[in-house]
Amino acid sequence: MSNLLKSAPEELKLLQKIQDRVLWLSTRMIDYANRERENLDGLKVGGHQASSASMVSIMTALYFNFLDKEDRVSIKPHAAPVFHAIQYLLGNLDKKYLKELRTAGGLQSYPSRTKDPDQVDFSTGSVGLGAVAPLFAAVTRRYVDAHFGKRPDSRFIAIIGDAELDEGNIWEALADPATNALGNVMWIVDFNRQSLDRVIPGVRIKQWRSQFEAAGWHVREIKYGSKLENVFSIDGSAPFKKWFDDIPNEQYQSLFGLSPSEARKRFLEGAHEGTEKFLRQFDDEELFEILTDLGGHNLQSLLEGFHACDAVTDRPSVLFAYTIKGWHLPIAGNPRNHSAQISGKQIDDLRAQLQLKIEDEWARFEPGSAEDSLCRARGVTLSRSSKAVEINAQIPASTTAKIGAKASTQEVFGRVLTEISRDESLRPYLVSTAPDVATSTNLGGFINRLGVFNHADRRRWNEDPMLKWAEGPQGQHIELGISEMNLFSLLGQLGLSGDISDQPLIPIGTVYDPFVLRGLDAFIYSVYSGAKFIVTGTPSGITLAPEGGAHQSTITPSVGIELPGVVLIEPAYGRALDWLLCDAIAHVAGNKVDTTPDLRPNELAFYFRLTTRSIDQTPFQEALQRIGEATIRTQVLAGAYRLVDGRSNIRSEDGQFAPVVHLVGCGAVMPEVLEAARDLADEGVVAHVIDITSPGRLYGSWQRTLKQGIRTANTPSFPGALRTVFAERAPIVSVHDSSSHALAWLGSALGMPQVAMGVDSFGQSGNIPDLYKLHDLSSGSIVNGALAALSLNS
Ligand SMILES: Cc1ncc(C[n+]2csc(CCOP(=O)(O)OP(=O)(O)O)c2C)c(N)n1
Ligand SMILES: [Mg+2]
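> Would you take a moment to explain the pairing of strand S13 (residues 566-569) for this structure?
Along any regular strand, the residues point their side chains to alternate faces of the sheet. On S13, burial covers both faces: Val566 and Leu568 on one face and Val567 and Ile569 on the other are all buried. Bridge count between S13 and strand S14 (residues 605-609): 4 bridges; the pairing is parallel. Residue pairing across strands places isoleucine 569 opposite phenylalanine 608, the latter belonging to S14.

> Whenever I open this one, the site of ligand 1 confuses me. Can you help?
Looking at ligand 1, there are 18 residues lining it, with Ser51, Lys76, Asp162, Gln194 and Lys325 nearest. Contact between ligand 1 and lysine 76: an oxygen atom at 2.6 Å from a side-chain N or O atom of the residue. Between ligand 1 and the protein, one listed contact pairs a nitrogen atom with a backbone N or O atom of glycine 125 at 3.0 Å. Counted by class, the shell around ligand 1 contains 3 nonpolar, 9 polar and 6 charged residues.

> Honestly, the nonpolar core in this entry has me stumped. Any pointers?
As a rule of thumb, nonpolar side chains are buried together in soluble globular proteins. In terms of nonpolar packing, the biggest core is built from 172 residues, with Tyr63, Trp187, Phe240, Phe306 and Phe523 touching the most fellow members. For this core, the element with the most residues is helix H1 (residues 9-36), which contributes 12 residues. Beyond its immediate sequence surroundings of up to four residues, phenylalanine 306 is in contact with Ile58, Ala61, Leu62, Phe66, Met186, Ile188 and Leu319. Val567, Val588, Leu643 and Val661 belong to the second-largest nonpolar core, a separate cluster that totals 81 residues.

> Help me understand the environment of alanine 370 in this model?
Relative to the assigned elements, alanine 370 resides in helix H15 (residues 370-382). Take alanine 370: its relative accessible area is 44%, and that puts it in the partly exposed class.

> Before we go on, may I ask you to explain the sheet that holds strand S18 (residues 686-692) in this structure?
Strand pairing within a sheet occurs via backbone hydrogen bonds; the two strands may be parallel or antiparallel. Read from one edge to the other, the open sheet built from 5 strands follows the order S16-S18-S17-S19-S20, with strand pairing classed as mixed. Only two strands of the sheet have a single neighbouring strand rather than two, namely strand S16 (640-644) and strand S20 (754-757). With strand direction ignored, the average angle separating the axes of adjacent strands in the sheet is 25°. For strand S17 (residues 660-666) and strand S19 (residues 732-736), the ladder comprises 5 bridges, and the chain directions are parallel. Across the sheet, residue histidine 662 finds its bridge partner in S19, namely isoleucine 732.

> Honestly, the packing of aromatic side chains in this entry has me stumped. Any pointers?
By convention here, two paired aromatic rings are described through the distance between centres and the angle between planes. Taken as a whole, this structure holds 34 aromatic pairs when the rule is applied. Aromatic rings pair up to connect Tyr224, Phe232, Phe240, Trp243, Phe244, Tyr252, Phe256, Phe267, Phe278 and Phe282 into one cluster. One Lys or Arg, arginine 102, reaches over the ring of tyrosine 110 and ends 5.6 Å from the middle of that ring.

> I keep staring at the coordination of the magnesium ion (ligand 2) and nothing clicks. Help me out?
Each donor-metal-donor angle in an ideal tetrahedron of four donors is 109.5 degrees, and each such angle in an ideal octahedron of six donors is either 90 or 180 degrees. On the protein side, the magnesium ion (ligand 2) has Asp162 (OD), Asn192 (OD1) and Gln194 (O) as donor atoms, found 2.0 to 2.1 Å from it. Written as a sequence motif, the donor arrangement for the magnesium ion (ligand 2) is D-x29-N-x1-Q. You can see aspartate 162 sitting in the loop between strand S2 (156-161) and helix H5 (168-175) and its partner asparagine 192 sitting in the loop between strand S3 (185-191) and helix H6 (205-214), a full 30 residues away along the chain. The two residues aspartate 162 and asparagine 192 agree in class, both being buried.

> I keep staring at unusual backbone geometry and nothing clicks. Help me out?
Glycine aside, a negative phi is what most residues show, and trans is what most peptide bonds show. Across the junction of threonine 538 and proline 539, the peptide omega takes the value -10°, indicating a cis bond. Here proline 539 shows up in the loop between strand S12 (533-537) and helix H21 (556-562). One non-glycine residue with positive phi stands out, namely aspartate 776, at about 60°. Along the chain, aspartate 776 falls in the loop between helix H30 (768-774) and helix H31 (779-793).

> What's the story with the packing of H1 against helix H2 (residues 49-66) in this structure? I'm lost.
Axes are the key here: two packed helices are described by the angle between their axes and the distance separating the axes. Contact geometry of H1 with H2 gives a least axis separation of 9 Å together with a crossing angle of 140°. Between H1 and H2 the crossing geometry is right-handed. Residues Glu11, Leu15, Ile18, Gln19, Val22, Leu23, Ser26, Thr27, Ile30 and Asp31 of H1 form the contact with H2, whose own contacting residues are Gln49, Ser52, Ala53, Val56, Ser57, Thr60, Phe64 and Asn65. Classifying every residue of the contact of H1 with H2 by side-chain character gives 8 nonpolar, 8 polar and 2 charged.

So, how was this worked out
- Residue indices begin from 1 for each chain and proceed along its sequence in written order.
- Think of it this way: whatever chain is written first is A, whatever ligand is written first is 1, and the rest follow in order.
- Per-residue local features are limited, in this predicted model, to residues with pLDDT of at least 70; the limit for side-chain atom pairs, both in listing and counting, is 80 or more; totals at the level of whole chains, interfaces and linings are taken over all residues.
- Water and hydrogen atoms were dropped before computing side-chain values, which therefore reflect all heavy atoms in the structure.
- Any residue under 20% of the maximum accessible area for its type is buried, any over 50% is exposed, and the rest in between are partly exposed; the area is computed with a 1.4 Å probe on protein chains only.
- Note on conventions: DSSP H or I runs of at least 4 residues are helices, E runs of at least 2 residues are strands, and numbering of each starts at the N terminus.
- Two strands qualify as a pair provided DSSP detects at least 2 bridges between them.
- Residues are labelled near a given molecule or strand when at least one of their non-hydrogen atoms is within 4 Å of it.
- Counting of polar contacts relies on pairs of N or O atoms within 3.5 Å, with two restrictions inside protein: one atom must be capable of donating a hydrogen and the other of accepting it, and residues adjacent in sequence are counted only when both atoms are side-chain atoms.
- Under the scheme applied here, ten amino acids are nonpolar (Ala, Val, Leu, Ile, Met, Phe, Trp, Tyr, Cys and Pro), four are charged (Asp, Glu, Lys and Arg), and all others, including Gly, are polar.
- Residue types Ala, Val, Leu, Ile, Met, Phe, Trp, Tyr and Cys, when buried and joined through side-chain atoms within 4.5 Å, form a set referred to as a nonpolar core.
- By the convention used here, residues are in contact when the closest approach between their heavy atoms is within 4.5 Å.
- The convention used is that axes are lines fitted to C-alpha atoms, helices contributing only their stretch in contact, and that angles between N-to-C directions extend from 0 to 180 degrees.
- Between rings of Phe, Tyr and Trp, where Trp is taken as its six-membered ring, a pair exists when centres lie within 6.5 Å; planes separated by under 30 degrees are stacked, by over 60 edge-to-face, and by other angles tilted.
- The rule is short: NZ of Lys or CZ of Arg within 6 Å of the ring centre and within 35 degrees of the ring normal puts a charge over the ring.
- Note that water is not among the atoms considered, so a metal site may appear incomplete; the donors listed are N, O and S atoms within 2.8 Å of the metal, with 3.2 Å applied to Na, K and Ca.
- Working rule for handedness: look at the near helix, and if it is turned counterclockwise from the far one by less than a right angle, call the crossing left-handed; if clockwise, right-handed.

Below, the structure is given as structure tokens:
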């Protein structure tokens, strides 16, 4: 790692030249996309020149001096053009991409791990989430180092906008003891005092400083540039310095839109006594330069700040770098500059000012020049060799977990996980996490076996025979405080551990199902970033009867079905859950077992929606006998199987002309569905019962065949999973302890009328029979639903 602390003026000068080129390329990239590239739809392409310019100095100092190849960096979303300009200069991005900002297949508007052509460590875009990603990556690295041996040192760095600090998830992340004492974490706040709409009111720095310090962070500021520092060293400067520190953001920021003489007057409004007199020694132009000389654009100060943070190894650091939004552009500091772009004339002026010609405006530095040599050398220093580490374990297709005659899926989940953890080839890779709900989601047995992770050994003060939570570096459960945002942020980074820490893991998180929505943005973020993990939402639905409306989830299945990369799994029976969980573990581990590959493209996260309702397992056993284990298992994994063949329930002489209906149940409602099927059989109706084990996978396969048909202009084929299970053409009743909408597409998929039954209002406390009655999920209602479906078909 090179170090400028001993001040090498030539290298600083080189960095300044590189910084100018980064400013130019990032600004021009946005300009080209908006003014010159052919525009087919009339939409403004957009891009953020001011937010980018604000970060040019910070990122030049990082990439062209400070960083090492092991470091991992998250970039403020609106500085994506700066990142790509740097990657281009380092030799990691083809020139053609500079003209492809915000095109399909080109550079993404915000850094994307999965879509950008250059190597992005952390996706960003939804502010706050990218900021905490390196913190959770550092938590993951600490875990990996403790379990699999020390990796080369990495620094986990986030460069974030100051307004990102308004996002609550930042403070949730900081506050959790799981993120404590990570000396390899550094956040650099691009402190330009502006957000999207406005100048951030008042002076927030004091509050933020104390919030970080209260969370145990080391805080530094880089506030003054060298001109300001020089002025502060003059005798009598104290009142000026004090006023410079106290002036409210809005007043300071308004200076940028003024002429130098107006700026002096504005700055002096409300100034401490003595300021005006002290500043008389500078003419207006000089004073303007002094007042706008902030430390976040001083490369030497930045490097000193980075190294000072490096030296603090017992806790994370945050560095507030005072910057100017739109630095060195005509829109600098303008409160309305967030989406503003400079004009063609201003681009021409900037090009001339930076001594570039139109012919070589996109070029890298001249080969053989000092700048070129530095760029090449840094390109080499930062180039990473990819190590493809794999999980070497035999993943079983099922476990020997005991499943009682009556069992709930939540209970079986805990058992299966405990069984799996007995497999020594698999055990090391399992890591669980929960936001203070580990015991109430049945992770207790697993944790008793594998312990709680803590980077230091912890004494146990309570000897609880049921809860043997030994805490120490070998524990495999990471316990979090109640923050579902933290749960999904951590799951995401655990799920990227193979890529970021060269050690794949099998992360398993649990959460009460209704509160999945509380962490939804981080859930989406993690899957968007390409993370693989398992999450279990349990208990779910109104089946959590006595807990009442505030704990009853209704829209979560829709979320699970609709999120790209997520597979919603909601089995009713224990054995089916066992197969599905083993299969999900195999998939997360990267081992494909026993499944047809085209059933499962793009599956990253497996979302199990479970319940505490104990149900009779006999019907599943009967179906298993009837269908055969190999076939039923394939069907369960594909998303559905026929639990009851309705024809076997009615007298054969009635069968030929009897009306036929498909009763489709998902999850905890199965006993009511089965009862309705029996009642219908008594009435001479053939009621086949279909158990949907994975609405997500079933929907996905239907959509894939549809799209295939649309793309090839052919009649879509009927997805295999639906074809075999829905063997007869008959109307459908779907029953689900969730919004009725979640399964309401089945009729379309099968080309048959459907009555979709579910929970479409807020819940309340009660017992299961009462609540099912209240929401029309009782067997009587299902029978009526079937009659309605039959009448729709006539
Ligand atoms: C979660 C979320 N909410 C809102 C936005 C829209 N948005 C984009 S940038 C921005 C302001 C960011 O200000 P700051 O972080 O200070 O960055 P700057 O542009 O000043 O560098 C907002 C509100 C977003 N990207 N993500
Ligand atoms: Mg800002």
